[in-house]
Structure formats: C-alpha cells, structure tokens
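Next come the chains, spelled out residue by residue.
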Amino acid sequence: MIEPKKIETNKVSEDFIKQLAGYGLATAEILYRLPDHPRFLQTYVWQDYDIAPDFPTLIKFLTFWTEKLEGPLHSVRVGHSKLIKPAEIRTLDGEFRLH
C-alpha cells in the first residue's frame, strides 16, 4: 500500500522569504530572433522574484540565454512589483458598537 504524501504546514515558502528580504516579482518580455528565420521575432515571457533596479536573477538568466541558446536577443522589457508593501492605514470618524 502506498502512503499518501504528508504536507508540512509549518514550512514557510522560499518565495515568501525572498519577498521579506526585499525581492519583488519581476516579469520580462523577451523578444528574440528565430535561428532559422532571423527576420522573425518570437516572444518569451520570463517571471521570477528579483531585486530592482539591478535585477541580478534576470541578468543571470539573460547571460545563460546568450551563452547557451541559439536565438539572438532583440529586446527585453521589464516590469517589477514589490508584493509585500506597507499597510495602508486611514482613520475613521465614528465608533461602532455590536450588541
């Protein structure tokens, strides 16, 4: 009989730890030329947690791309968002009572 996998609920996600360390979600739209048809452009969307404005994770990926893959890069467009932000607090006038 196969035992079902146990889910550990006390572990914190590595992505959440990255967010606490200052990483945000980075999305890059990469346009590259097709190796067999260099006049045509293809789109690749890359997404990972990274630190703006240096983007070391994206730079590492693009370095891998240029060294190992055949499709030469045409352009890269990057968007970035910090997912964990300070809470928005606003004051309210009034008091509510529940019975």
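The structure presented is a predicted model; accordingly, all values stated were derived computationally and were not measured.

1. Some words on the environment of Ile-30
For Ile-30, the location among the structural elements is in strand β1 (residues 24-33). When the C-alpha atoms of Ile-30 and Leu-73 are compared, they prove to be 7.4 Å apart, with 43 residues separating the residues in sequence. In this structure, Ile-30 is in contact with Gln-42, Thr-43, Tyr-44, Trp-46, Phe-61, Leu-62, Trp-65, Leu-73, Ser-75 and Val-76, ignoring residues within four places of it in sequence.

2. Overview of unusual backbone geometry
Both trends apply: most residues other than glycine have a negative phi, and most peptide bonds are in trans. Across the junction of Ala-52 and Pro-53, the peptide omega takes the value 0°, indicating a cis bond. Relative to the elements of secondary structure, Pro-53 occurs in the loop between β2 (41-50) and α2 (56-68). We note that Phe-55 has phi near 50°; this positive angle belongs to a residue other than glycine. With respect to the helices, strands and loops of the structure, Phe-55 is situated in the loop between β2 and α2. Of the residues examined, Phe-55 reaches a relative accessible area of 14% and is grouped as buried.

3. Overview of the packing of aromatic side chains
Inspection of every chain in the model, using the stated rule, returns five aromatic pairs. Judged by centre distance (6.1 Å) and plane angle (15°), the rings of Tyr-44 and Phe-61 are stacked. Here Tyr-44, found in strand β2, pairs with Phe-61, found in helix α2; they are 17 residues apart in sequence, far enough to count as distant. The class for Tyr-44 is partly exposed, based on a relative accessible area of 36%. The structure contains a cluster of three or more aromatic residues connected by ring pairs, namely Tyr-32, Tyr-44, Trp-46, Phe-61 and Trp-65.

4. Comments concerning the sheet that holds β1
Taken in spatial order, the three strands of this open sheet run β2-β1-β3, and their pairing is antiparallel. Each having just a single partner strand, β2 and β3 (73-81) make up the two edges of the open sheet. Here the strands of the sheet are splayed against their neighbours by 15° on average, with no regard to which way each runs. As paired strands, β1 and β2 are joined by ten bridges and run antiparallel to one another. Looking at β2, one finds that Leu-31 is bridged to Thr-43. Packing of α2 onto the sheet brings it into contact with β1, β2 and β3, and relative to β2 it is tilted by some 145°.

5. Brief notes about the pairing of β1
Here β1 runs beside β3; their pairing, made up of eight bridges, is antiparallel. When the bridges of β3 are listed, Tyr-32 appears paired with Leu-73.

6. Quick look at the nonpolar core
Within soluble globular proteins, side chains that are nonpolar generally end up buried alongside one another. If you look at the biggest cluster of nonpolar residues, it comprises ten residues: Ala-26, Ala-28, Ile-30, Tyr-32, Trp-46, Phe-55, Leu-58, Phe-61, Leu-62 and Trp-65. Ignoring any residue separated from it by four or fewer positions in sequence, one finds Trp-65 in contact with Ile-30, Tyr-32, Tyr-44, Gly-71 and Leu-73.

Here is what the cut-offs are and how they apply
Residues numbered from 1 in each chain as written. Predicted model: local features only at pLDDT ≥ 70, side-chain atom pairs only at ≥ 80, totals over all residues. Heavy atoms only, no water. Helix = DSSP H or I, 4+ residues; strand = E, 2+ residues; numbered from the N terminus. Contact = heavy atoms within 4.5 Å. Buried < 20%, exposed > 50% of the residue type's maximum accessible area, 1.4 Å probe, protein only. Phe/Tyr/Trp six-rings, centres within 6.5 Å; stacked < 30°, edge-to-face > 60°. Pairing = 2+ DSSP bridges. Axes fitted to C-alpha atoms, helices over the stretch in contact; angles between N-to-C directions. Core = buried A, V, L, I, M, F, W, Y, C linked by side-chain atoms within 4.5 Å.

These values are about where atoms sit, not about what they do.
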